[in-house]
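Below, each chain spelled out in residue letters.
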Amino acid sequence: MIELPEYTDGRFELYRIGTDESKDFPEEILINQNMAIWYSEISVFDRVKYELGQGGMEVTMKVRIPRYKGIDSKCVCVIDGKQHQVYNAAHIVNKNGFPETELTLIRPDKEVRIL
């Protein structure tokens, strides 16, 4: 019997990083993609934390979602009111043959204003 993947650890709102050029100086903004995506949290290994930490990045979470190829490093996930920038999106097929996307989330350099 094949098990369907469960995404019950939480959900996030998806935003894309854009630029507001209506001002004198362009400003980064978050553009709502009008998507709430359920996720399953997965373990972050010490090696990954160490390697990214050497580059000054702090891994906040690693999550698995149903496959979605429209998510990349120009996206931000808002979970419980906190912004998590997508560092990496890996598209995989799990052991039961279901396509999924694994996201490595990092603490953004700065909070970006939501449009």
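Residues numbered from 1 in each chain as written. Predicted model: local features only at pLDDT ≥ 70, side-chain atom pairs only at ≥ 80, totals over all residues. Heavy atoms only, no water.

**Student:** What should I look at first to understand the pattern of salt bridges in this one?
**Tutor:** Two side chains that carry opposite charge are able to pair once their charged atoms sit near each other. Within this structure, the stated rule accounts for six salt bridges. A salt bridge links Glu 28 to Lys 110; the nearest nitrogen and oxygen atoms lie 3.9 Å apart. Of this pair, Glu 28 sits in strand E2 (residues 27–42) while Lys 110 sits in the loop between strand E6 (99–106) and strand E7 (113–114), and the two are 82 residues apart along the sequence. A residue is classified by how much of its surface remains accessible, and Glu 28, at 35% relative accessible area, is partly exposed. Taking the shortest distance from any N to any O, the salt bridge between Glu 100 and Arg 64 comes out at 3.5 Å. A residue pair is termed long-range when its members are at least 10 positions apart, and Glu 100 in strand E6 and Arg 64 in strand E3 (residues 59–66) qualify at 36 residues. Each of Arg 64, Glu 100 and Glu 102 takes part in a single network of salt bridges with overlapping partners. (Salt bridge = Lys/Arg side-chain N within 4 Å of Asp/Glu carboxyl O. Helix = DSSP H or I, 4+ residues; strand = E, 2+ residues; numbered from the N terminus. Buried < 20%, exposed > 50% of the residue type's maximum accessible area, 1.4 Å probe, protein only.)

**Student:** When you look at unusual backbone geometry in this model, what are you seeing that I'm missing?
**Tutor:** Across the chain, the bulk of peptide bonds are trans and the bulk of non-glycine residues have phi less than zero. Positive phi outside glycine occurs at Asn 34, with the angle close to 55°. Along the chain, the position of Asn 34 falls in strand E2. Owing to a relative accessible area of 68%, Asn 34 belongs among the exposed residues under this scheme. Positive phi, close to 50°, is recorded for Asp 80, a residue that is not glycine. If you trace the backbone, Asp 80 turns up in the loop between strand E4 (75–79) and strand E5 (82–93). Exposure remark for Asp 80: the relative accessible area of 76% places this residue in the exposed category.

**Student:** Help me understand the side chain of Thr 104 in this model?
**Tutor:** By the element assignment, Thr 104 lies in strand E6. Contact partners of Thr 104, with chain neighbours within four places excluded, come to Leu 52, Val 59, Met 61, Lys 62, Gln 85, Val 86, Tyr 87 and Asn 88. (Contact = heavy atoms within 4.5 Å.)

Shape is all these values report; function is a separate question.
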